[in-house]
Amino acid sequence: MNHPAHYTAGGIEVIDFLEAWNFPFHLANAIKYISRAGRKDKNALVTDLKKAVWYINRYIDYVEKQGLGGKEGKS
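Residues numbered from 1 in each chain as written. Predicted model: local features only at pLDDT ≥ 70, side-chain atom pairs only at ≥ 80, totals over all residues. Heavy atoms only, no water.

Quick word on helix 3 (residues 45-65)
Spelled out, the test is: The helix and strand labels rest on DSSP assignments: H or I over at least four residues marks a helix, E over at least two residues marks a strand, and numbering proceeds from the N terminus. How far a helix is expected to stretch is found by multiplying one less than its residue total by 1.5 Å. To sort residues, take the accessible area from a 1.4 Å probe on protein chains only and compare it with the maximum for the residue type: under 20% means buried, over 50% means exposed, and anything in between is partly exposed. For this quantity, the arc is that covered by the directions from the helix axis to the C-beta atoms. Working rule for contacts: check all heavy atoms of both residues, and any pair within 4.5 Å makes them a contact.
Over its 21 residues, helix 3 runs 31 Å from end to end, which matches the ideal 30 Å to within 8%, given 1.5 Å per residue. Among all positions of helix 3, only Asp48, Ala52, Tyr55 and Val63 are buried. The buried residues of helix 3 occupy an angular sector of 75 degrees when the element is viewed end-on, so they sit on one face. Helix 3 presents Val46, Lys50, Glu64 and Lys65 as exposed residues on the side facing more than 90 degrees away from its buried surface. Turning to helix 3, the residues buried within the fold contact helix 2 (25-36). Two residues or fewer past helix 3, glycine 67 is found with a positive phi of approximately 70 degrees.

Section: the pattern of salt bridges
Note the cut-off: Salt bridge criterion: a side-chain nitrogen from Lys or Arg within 4 Å of a carboxyl oxygen from Asp or Glu.
Applying the stated criterion across every chain, the model contains 1 salt bridge. Across the salt bridge formed by arginine 36 and aspartate 48, the nearest N and O atoms sit 3.5 Å from each other. One end of the pair, arginine 36, is in helix 2; the other, aspartate 48, is in helix 3, and 12 residues separate them in sequence. Note on arginine 36: relative accessible area 8%, which makes it buried.

Things to note about the confidence of the model for the protein chain
So the rule is basically this: What pLDDT reports is the predictor's confidence in each residue, on a scale of 0 through 100.
The predicted model of the protein chain averages 86 in pLDDT, with 81% of residues at 70 or higher. When pLDDT is averaged over each element of the protein chain, helix 3 comes out on top at 96 and helix 1 (residues 14-21) at the bottom at 90.

This is how it looks when you write it as structure tokens:
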């Protein structure tokens with residue numbers, strides 16, 4: 001596979017980071033879109049960020065439905 005510049009900024013490929021941290025699918029996609037926002041297509045900055053938000057919101061819904069959300073405001 002090639003290593004496109006929009007996924008390798010900062011000297012690390014996004015997929016390597018995602019695998020090292022073992023992110024779930026939804027959050028991994030959100031990070032992917034955030035990391036490439038405005039890099040792959042300069043005109044798609046807002047679109048990429050909206051896609052990231054969509055994946056985060058979908059994961060929040062999933063976590064809440066699974067009863068895994070925990071108590072808000074508690075540390």
